[in-house]
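Listed here are the chains, written in short residue letters.
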Amino acid sequence: MTRADRIAALKAAARERILVLDGAWGVMIQRENLSEEDFRGARFADHNHPQKGNNDLLILTRPDIIEGLHDTYYAAGADISETNTFSATTIAQADYGLEDAVWDLNFEGARIARQVADRWTEKEPRKPRFVAGSIGPTNRTLSISPDVNDPGYRAVTFDEVYDAYKQQARALHEGGVDLFLIETVFDTLNAKAAIKAILDLEDEGYEPLPLWISGTITDRSGRTLSGQTAEAFWNSVRHAKPFAVGFNCALGADLMRPYVAELARIADTLVAAYPNAGLPNAMGQYDEQPHETAHFIEEWAKSGLVNIVGGCCGTTPDHIKHVAEEVAGVTPRVVPERPVAMRLSGLEPFEVVA
């Protein structure tokens, strides 16, 4: 199956059913109880920075674990699995001194995921599996100063973020992903750098891929970290004509619902949401059980709010199995036709209807 065939199959599947994304990677990797040596492997055995906790690096040093997690999530019922590349940019990997490994991280991460997805598609051709290239927010923000004494200071420039994302997107594309997932967007300006980097690949001759943009409502204020409401966030990114838009992380499904519902009302594209397994307890652990998460998401589905669902922090293959079972057979959200209007945004949305 060619990539064009896979993209056509992805769009067809989204019209027919609610698609299911995989769950958390961090919680599953933690369960492996890996040592510093596991993270380093032979290639980075003599590297002068500690690497334990650099989960993306396992693509190169423990590919068996990464392959196994893709396999486990597809077996649980996921239609889409993400590459393990959330922090695979030169900006994020600078904390580990691994800027030079970024291309390999993304290319190999995509290649491994592609192999597993293709095996499952061959095994179950009526349920093709897809690969989303995970593009995280980086650990720098373009909209907010990290220095409370200097509001105008920025730790990074737009061009630096753009260049980092473009390198990542190229490698993911060449590794074989079916779509790009810009996720956990807490700063919309960072997301705009990623969007531009991805769209600019077409000028270099790369085949355009579907784009999924997933923001993060950081708390009960109902805003992203950079201050936007759900509607303002959508107005800021809708020019990219994404395949899907939605929210992930920060909140559990019960607290995320009103923001998902708002996007379902206004977005003239697919709506996707993958919440945490509730809120973390005092020890930073997630207590929400698989059937509880699935119950919340089932209600979203039956209320016509979503086209794609999955899990973020704290969710496991068991969570995804329950979610997949609960949304099976539920009609996906119908994409609304909205009247033509000029829609702008700052922190709040602004609309002028003709």
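What you see is a predicted model, and the numbers here were worked out from it, not measured in a lab.

Visitor: Honestly, the nonpolar core in this entry has me stumped. Any pointers?
Guide: Across soluble globular proteins, nonpolar side chains have a tendency to be buried as a group. Counting residues in each nonpolar core, the largest one holds 80 residues, and the members touching the most others are Phe-180 and Trp-300. With seven residues, helix H11 (residues 253–266) is the largest single contributor of residues to this core. Excluding its chain neighbours within four sequence positions, the residues that come into contact with Phe-180 are Gly-133, Ile-135, Ala-169, Leu-172, His-173, Ile-198, Leu-201, Leu-209, Pro-210, Leu-211 and Trp-212. Residues Ala-9, Leu-19, Leu-181 and Ile-308 belong to the second largest nonpolar core, which totals 20 residues.

Visitor: What is the right way to look at helix H1 (residues 3–16) in this model?
Guide: In an α-helix, one turn spans 3.6 residues, which is why side chains three or four residues apart end up on the same side. Here H1 contains 14 residues, and its C-alpha end-to-end distance of 20 Å stays within 8% of the 20 Å for a straight helix at 1.5 Å per residue. Where H1 is concerned, the buried positions are Arg-3, Arg-6, Ile-7, Ala-9, Leu-10, Ala-13 and Ala-14. Angularly, the buried residues of H1 cover 160° about the axis, an arc narrow enough to put them on a single face. Exposed residues on H1 whose side chains face more than 90 degrees from its buried face are Arg-15 and Glu-16.

Visitor: Any chance you could explain the side chain of Ser-81 here in plain terms?
Guide: Tracing the sequence through the fold places Ser-81 in strand E2 (residues 80–82). One polar contact links Ser-81 to His-70, side chain to side chain, over a distance of 2.7 Å. When residues no more than four places from it in sequence are discounted, the contact partners of Ser-81 are Asp-22, Trp-25, His-70, Tyr-74, Phe-130, Val-131 and Ala-132.

Visitor: What should I look at first to understand the environment of His-239 in this one?
Guide: Mapped onto the elements of the fold, His-239 is located in the loop between helix H10 (230–237) and strand E6 (244–252). Its relative accessible area of 48% is what places His-239 among the partly exposed residues. In the structure, His-239 is positioned 98 residues away from Glu-337 in sequence and 16 Å away in space, judged by C-alpha atoms. A distance of 3.3 Å separates a polar side-chain atom of His-239 from the backbone oxygen of Ser-236.

The rules we used
- Residues numbered from 1 in each chain as written.
- Predicted model: local features only at pLDDT ≥ 70, side-chain atom pairs only at ≥ 80, totals over all residues.
- Heavy atoms only, no water.
- Core = buried A, V, L, I, M, F, W, Y, C linked by side-chain atoms within 4.5 Å.
- Buried < 20%, exposed > 50% of the residue type's maximum accessible area, 1.4 Å probe, protein only.
- Helix = DSSP H or I, 4+ residues; strand = E, 2+ residues; numbered from the N terminus.
- Contact = heavy atoms within 4.5 Å.
- Expected span 1.5 Å × (residues − 1).
- Arc of directions from axis to C-beta.
- Polar contact = N/O pair within 3.5 Å; in protein donor to acceptor, adjacent residues only side chain to side chain.

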